[in-house]
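Structural description and commentary
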Amino acid sequence: MVNIQTVTNDAINVLKDKIQVLKATEGSIYLVGPIRLPVNLHGETVIFQWYCWLNSKEETEDIGQIIDNLSSANLAEYQQSSVLVYGDFQQDEEALIRMHSICHTGDIFGSKRCDCGFQLKQSMQMIVDNGSGALFYLANHEGRGIGLFSKAMAYILQENGSDTVEANEKLGFVDDSRNYSDAIEVLKALRSKPVTLITNNPKKLKALQDAGLSVSGRTPLWGDVSEYNESYLQTKINRSGHLEEAGTFLHD
Ligand SMILES: [Zn+2]
């Protein structure tokens, strides 16, 4: 018969140096990693260091207790966020970061209704080309924080004349309810030097600065404009304060 305690002790010994317990606004963040992750990026194999985190209402430093709770926590019913780190992220002077909001349709299916899938791969490439950086994949940000099911309804409203912002508002959501506080705590655990943020959204830059992130600059990311996402991108500019970079967007 297998002794459960022995098995758990074995897991604790292997995992204890790979789990950090961080303070969150409420409760704790358990950060696990790094894990070597070879990734196919535009046909080349690139080695990232992957970390995943779990937000918990408990505040325990006891790794055994954290492990004990896993099997009953039903984690597959929820999404967890994670981060892909490239290069010497802790020490390099110039590091690029991207706070990428999960997009089931864009990232997984390659939907062209938005530019998320393109932005995901493009920001990973920019980080690799820079030599150092991190891509945060934020799991509670689907549809600007409204969730996948509500996003499906919002898409139907959009097919019937609403823009992205109006559709969310008609369903009772504020336009953008995304929160970055846990991601910032994770970033602080991985790097203390300033970062350059990959974004077209000055509001996002300001939100991150207000939340205590040390930002040295912003670098834009546009592309993949098509007939399917033109009005979505134009709404980002007209309604959500995204900057239009000269020469990189809109043909007319
Ligand atoms: Zn998307």
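See the structure printed just above.
Thresholds applied
- Residues numbered from 1 in each chain as written.
- Predicted model: local features only at pLDDT ≥ 70, side-chain atom pairs only at ≥ 80, totals over all residues.
- Heavy atoms only, no water.
- Pairing = 2+ DSSP bridges.
- Helix = DSSP H or I, 4+ residues; strand = E, 2+ residues; numbered from the N terminus.
- Axes fitted to C-alpha atoms, helices over the stretch in contact; angles between N-to-C directions.
- Contact = heavy atoms within 4.5 Å.
- Phe/Tyr/Trp six-rings, centres within 6.5 Å; stacked < 30°, edge-to-face > 60°.
- Lys NZ or Arg CZ within 6 Å of the ring centre and 35° of its normal.
- Buried < 20%, exposed > 50% of the residue type's maximum accessible area, 1.4 Å probe, protein only.
- Polar contact = N/O pair within 3.5 Å; in protein donor to acceptor, adjacent residues only side chain to side chain.

The sheet built from eight strands is open, its strands ordered S1-S2-S3-S4-S6-S5-S7-S8 with mixed pairing. If you trace the sheet from one side to the other, it starts and ends with strand S1 (19–23) and strand S8 (215–219), each paired once. Along the sheet, successive strands turn relative to each other by an average axial angle of 30°, direction set aside. The pairing of S1 with strand S2 (residues 28–41) spans five bridges and is antiparallel. Residue pairing for S2: Ile 19 is matched across the bridge by Val 32. Docked against the sheet, helix H9 (residues 202–210) engages strand S5 (96–101), strand S7 (195–198) and S8, running at close to 165° with respect to S8.

In this section: the packing of aromatic side chains. A full pass over the atoms with the stated rule returns two aromatic pairs. Above the face of the Tyr 155 ring, Arg 113 is positioned so that its terminal group lies 3.9 Å from the ring centre. The ring of Phe 89 carries the charged tip of Arg 191 above its face, separated from the ring centre by 5.6 Å.

Structurally, Lys 18 can be placed in the loop between helix H1 (4–15) and S1. The class of Lys 18 is partly exposed, set by a relative accessible area of 34%. Remark: the alpha-carbon pair of Lys 18 and Leu 31, spanning 13 residues in sequence, is separated by 8.0 Å. The residues touching Lys 18, leaving out its near neighbours within four places in the chain, are Leu 31, Val 32, Gly 33 and Pro 34. Within the structure, the side chain of Lys 18 is placed 2.8 Å from the backbone oxygen of Pro 34, a separation counted as a polar contact.

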